[in-house]
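# Secondary and tertiary structure notes
For reference, the chains in residue letters:
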Amino acid sequence: MTTYTAWYMTIASIIHGQFITFGFACTPLYFVWEKFIGMHDTRNIYLRALVRMAVVIPIWFLAIIFPFFAPINSAVGALLVSFTVYIIPTLAHMLIYIKGSTRQNAAEKLPFFIPSWTVMYIFNAFVLVWVLVVGFGFGGYASTTNIMKQINTFGLFAKCYQCKPSTPPPLPTPPHEH
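Throughout this document, residue positions are counted from 1 along each chain, in the order its sequence is written. In keeping with the model being predicted, local features are shown solely for residues with a pLDDT of at least 70 and side-chain atom pairs are shown and tallied solely at 80 or more, while totals for entire chains, interfaces and linings include all residues. The side-chain quantities take in all heavy atoms of the structure and omit both hydrogens and water.

- In the annotation of an unreviewed UniProt entry, the entry for the protein reads Amino acid transporter transmembrane domain-containing protein, and the organism field reads Canavalia gladiata.
- UniProt positions are given in the numbering used here, feature names are shortened, and annotations may be inferred rather than shown by experiment. Recorded in UniProt under Subcellular location (unreviewed entry), the annotation for the protein is "Membrane".

## Let's talk about the packing of helix H1 (residues 3–37) against helix H2 (residues 45–65)
- Their axes nearest at 9 Å, the elements H1 and H2 cross at an angle of 120°. Here H1 is positioned oblique relative to H2, judged by the angle of their axes. Both H1 and H2 take part in a crossing whose hand is right-handed. Counted together, Phe22, Cys26, Leu29, Tyr30, Phe31, Trp33, Glu34 and Ile37 of H1 and Arg48, Val51, Arg52, Ala54, Val55, Val56, Ile59 and Trp60 of H2 form the full contact between these two elements.
- Gly counts as polar in this scheme, as do all residues outside two lists: the nonpolar Ala, Val, Leu, Ile, Met, Phe, Trp, Tyr, Cys and Pro, and the charged Asp, Glu, Lys and Arg. Residue composition of the contact of H1 with H2, by class: 13 nonpolar, no polar and 3 charged. Between N-to-C directions, angles span 0 to 180 degrees; the directions come from axes that are lines fitted to C-alpha atoms, helices contributing only their stretch in contact. Each helix is a run of H or I in the DSSP string that is no shorter than four residues. Each strand is a run of E no shorter than two, and both are numbered from the N terminus. Working definition: roughly parallel below 35 degrees, roughly antiparallel above 145 degrees, roughly perpendicular at 65 to 115 degrees, and oblique for all remaining angles. Helix crossings get a hand from a simple test, with the near helix turned counterclockwise from the far one by less than a right angle marking a left-handed crossing and a clockwise turn marking a right-handed one. Between two residues, a contact is recorded if the distance between any of their heavy atoms is within 4.5 Å.

## A short note on a nonpolar patch on the surface
- Any residue with relative accessible area above 30% and no salt bridge may belong to a patch, with like charges joined within 9 Å and the nonpolar Val, Leu, Ile, Met, Phe, Trp and Tyr side chains within 5 Å. Residue exposure ignores everything except the shown protein chains as possible cover, and the areas themselves are Shrake-Rupley values with a 1.4 Å probe. For salt bridges, the criterion is a side-chain nitrogen of Lys or Arg within 4 Å of an Asp or Glu carboxyl oxygen. A contiguous nonpolar surface patch, about 760 Å² in accessible area, is contributed by Phe126, Val129, Trp130, Leu132, Val133, Val134, Phe136 and Phe138.
- Mapped onto the elements, Phe136 comes out in helix H5 (residues 117–154).
- The partly exposed category is assigned to Phe136, whose relative accessible area is 30%. The classification of residues rests on relative accessible area computed with a 1.4 Å probe and restricted to protein chains. Under 20% of the type maximum is buried, over 50% is exposed, and intermediate values are partly exposed.

## Brief notes about the pattern of salt bridges
- Enumeration according to the criterion identifies 2 salt bridges in this entry.
- Salt-bridge contacts for Glu34 lead to Arg48; the nearest nitrogen and oxygen are separated by 2.6 Å. With Glu34 in helix H1 and Arg48 in helix H2, this pair connects stretches of sequence that are 14 residues apart.
- On the basis of relative accessibility, which here comes to 21%, the residue Arg48 falls in the partly exposed class.
- We note a salt bridge from Glu34 to Arg52, for which the minimum N-O separation is 2.6 Å. Of this pair, Glu34 sits in helix H1 while Arg52 is found in helix H2, placing the two residues 18 residues apart along the sequence.
- Counted as one network, the salt bridges with shared partners bring together Glu34, Arg48 and Arg52.

## Thoughts on the confidence of the model for the protein
- For every residue, the predictor assigns a confidence score, pLDDT, that lies between 0 and 100. Considering every residue of the protein, the mean pLDDT works out to 82; 88% of them sit at 70 or more.
- Of all secondary-structure elements in the protein, the lowest mean pLDDT belongs to H1, at 82, while H5 reaches the highest, 88.

## A short note on the side chain of Glu34
- Using a relative accessible area of 1% as the deciding quantity, one classes Glu34 as buried.
- Excluding residues that lie within four positions of it along the chain, Glu34 makes contacts with Met39, His40, Arg48, Val51 and Arg52.

## Looking at the UniProt feature "transmembrane region" (unreviewed entry) in the protein
- Listed under "transmembrane region" (unreviewed entry) in the UniProt record, and renumbered for this structure, are residues 6–33, 45–69, 75–98 and 119–142.
- Within residues 75–98, the helical portion is 92% and the strand portion 0%, while the C-alpha atoms at the span's ends are 33 Å from each other.

## Observations concerning H2
- For a helix, the expected span equals 1.5 Å multiplied by the residue count minus one. Its 21 residues give H2 an end-to-end C-alpha distance of 30 Å, which sits within 8% of 30 Å, the value for a rise of 1.5 Å per residue.
- Approximately 35° is the largest bend angle found in H2, and it occurs at Ala54, with the proline Pro58 only one to four residues beyond.
- Among the residues of H2, Val51, Val55 and Val56 are the ones counted as buried.
- Against the buried residues of H2 lie H1.
- Definition of a polar contact: a pair of N or O atoms within 3.5 Å, with one able to donate and the other able to accept a hydrogen when the atoms are protein atoms, and with sequence-neighbouring residues admitted only if both atoms are side-chain atoms. For H2, the side-chain oxygen to backbone nitrogen distance between the N-cap and Tyr46 is 3.0 Å, and the N-cap itself is Asn44. What the bend at a residue measures is the angle between two axes, fitted to the seven residues ending there and to the seven starting there.

Here it is, written out as structure tokens:
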């Protein structure tokens, strides 16, 4: 396998992953849109694809006009996903099972490799602190500074995506007086 073949396979797999991710991310929007316009019971796949273009085209347009859509996406991941996927469920689990009676009446018991609720609380506290510091803290800081850097470099709506910033012409040298 040549270097170029590996490079093209890598690019193809990245593009393939982007299409799958886009489909997964937009599926709830598709369902809401189809329900809103009354097309959710249609079996015709071509008609549904045509209807879904009303969701896809505005998203594509937003991705094109914002030259730094990926940093915005990473900020959303660091700031929102950290809370909705890790922090809120972990905190809810800790608050629900804080009482001994709740732990005894739990529908699901602890797994065999966790010997006590104290170990579970230590594990939950570790996950909570880790995600708060690393995911929300460092990730939020890094993605926010990346957005600010790109806004300062390219402007809010750049004419050229990820182009090198133009350097100003050199200042004329003042004439030497003797």
